[in-house]
Amino acid sequence: GRGAVTDVDVAVVGGGQAGIATGYFLRRAGADFVVLDDRATPGGAWTEYWDSLRLFSPAGHSMLPGWWMPPEEGHEYPSAHHVVWYLTEYERRYRLPVHRPVTVERVERENGHDLPGGRLRVVTDRGTWRARHVISATGNWSAPHLPSIPGREVFAGRELHTVDYRGPDDFAGQRVVVVGGGNSAAQIIAELSLVADTTWVAARPPRFMPDDVDARALFDLATRRGRGEEGPGVGDLGDIVVVPSVREARERGALKAEPMIERLTPGGVAWPDGSTLEADAVLWCTGFRPALGHLVPLGVDDGHGRVRVGADNRAVAEPRLSMVGYGDWTGFASATIIGAGRTAKSTVAAVTEALEREGRV
Ligand code: FAD
């Protein structure tokens, strides 16, 4: 119940791929830990992606530590549904102590936290965990970002974000403006443009990766970086992976982007040069921010919606807190399936070392 208090060495907040990869290494280290996740079922954000979404890379290039993702029958690029299955089996395989659904409302310093053995309190809707160390792995999906733009209050059509999109069916025959220069926008337009009149709008011209580059290239980059070798960054490859649906749409001419709009109007959108376009819906594929609401009491936000971390992913302002899986700032490619393991491994190594110094674990 809400009033229960449990002591634990490590509490992981978030049970998506980053949280369970972290759990894998905590289990291997013999740590006393829990993973707390607010969803009813495993899979993290993968449970909410649109129906047609496919992985950037073949199953054989997507793995969490210890167990390669098996291929999905009949598909080189696995579906989100398959990833959910993989993450579900992964938790079971490694008997990870994931508690669901448990919403972490806040992480706060306990009185006397600065004394030896002092703890952080992880306060949830199902009780409190007193932890020596907290690893935050809450992802970005629950903090969708919409740019501030004038006219929102007058626009009579529908406004949605990537998180609201499930499939093209309820846009059939409509005029849809899709905003954003990344993979979500490109993949959604690829299928939406088959049934709707789509206009793509992006703050800068979208950059496609070469057609023969998929996340395998990311994997190779991550491996080389892991060995300390220099090489190109992810950004140097371009932003948009040319998965088959995107290639097809580009060949059809459906993926030509317009410059960024300036405001919404009652009937649509307007550009800085005064030109306008009628629209039934505006779909914001404008990304996410790290989901850090539970960390507010710790005062670790760097003012830009992130937490300043050291090389071991520990928060500079609170060394009992580590951050995993949010993006390159928590480890190279750490927000991808293939990158999550590397960052989880080094983070757990630093945490268990610190706990051992205190004579625990
Ligand atoms: P999440 O999956 O979001 O997991 C975080 C978990 O924490 C969730 O269950 C969440 O509900 C929970 N949570 C949040 N706040 C709290 C709280 N306060 N208390 C308790 N629980 C909480 N990566 C690839 O490698 N290949 C791909 O092809 C690929 N495609 C992608 C396509 C899209 C559209 C998107 C958005 C991302 C894609 N990614 C891909 C990137 C990445 O793999 C996913 O974003 C992944 O879900 C990130 O995992 P995570 O564990 O960090 O976060």
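Please read these numbers as outputs of a predicted model, since none were measured by experiment.

## Concerning the pattern of salt bridges
Counting across every chain of the model gives 22 salt bridges. Its salt-bridge partner being R314, residue D312 comes within 3.4 Å of it at the nearest N-O pair. With a relative accessible area of 18%, R314 lands in the buried category. Overlapping salt bridges bring together D7, R106, E108, E110, R121 and R130 as one network.

## Details of the confidence of the model for the protein chain
Looking at the protein chain, the pLDDT average stands at 92 and 92% of residues meet or exceed 70. The complex model carries a pTM of 0.92, and its ipTM stands at 0.98.

## What about the packing of aromatic side chains?
Applying the stated criterion across every chain, the model contains 14 aromatic pairs. Pairing Y24 with Y94 gives two aromatic rings, centres 4.8 Å apart and planes at 85°, and the pair type is edge-to-face. Here Y24, found in helix 1 (residues 17-28), pairs with Y94, found in the loop between helix 2 (80-93) and strand 5 (98-99); they are 70 residues apart in sequence, far enough to count as distant. One aromatic cluster is present, built from ring pairs that chain together Y24, F25, W67, W85, Y86, Y90 and Y94. If you follow R158 out to its NZ or CZ, it ends over the ring of F171, 4.5 Å from the centre.

## Overview of the side chain of S136
Note that S136 resides in strand 8 (residues 127-136). Reaching out from S136, the side chain makes a polar contact with the side chain of H294 at a distance of 2.9 Å. Setting aside anything within four residues of it in sequence, one finds S136 in contact with V13, H294, L295, L321, S322, M323, V324 and Y326.

## As for the sheet that holds strand 16 (residues 281-284)
Read from one edge of the open sheet, five strands run 9-16-10-11-12, paired in parallel fashion. Lying at the two open borders of the sheet, with one neighbouring strand each, are strand 9 (158-161) and strand 12 (257-258). One ladder, built from four bridges, connects strand 10 (residues 175-179) with strand 16; its direction is parallel. Each bridged residue has a counterpart across the sheet, and for V178 the counterpart in strand 16 is L283. The strands touched by helix 3 (residues 183-192) are strand 10, strand 11 (197-201) and strand 16; relative to strand 11, the strand with the most contacts, the crossing angle is about 165°.

Conventions adopted
- Residues numbered from 1 in each chain as written.
- Predicted model: local features only at pLDDT ≥ 70, side-chain atom pairs only at ≥ 80, totals over all residues.
- Heavy atoms only, no water.
- Salt bridge = Lys/Arg side-chain N within 4 Å of Asp/Glu carboxyl O.
- Buried < 20%, exposed > 50% of the residue type's maximum accessible area, 1.4 Å probe, protein only.
- pLDDT = per-residue confidence, 0-100.
- Phe/Tyr/Trp six-rings, centres within 6.5 Å; stacked < 30°, edge-to-face > 60°.
- Helix = DSSP H or I, 4+ residues; strand = E, 2+ residues; numbered from the N terminus.
- Lys NZ or Arg CZ within 6 Å of the ring centre and 35° of its normal.
- Polar contact = N/O pair within 3.5 Å; in protein donor to acceptor, adjacent residues only side chain to side chain.
- Contact = heavy atoms within 4.5 Å.
- Pairing = 2+ DSSP bridges.
- Axes fitted to C-alpha atoms, helices over the stretch in contact; angles between N-to-C directions.

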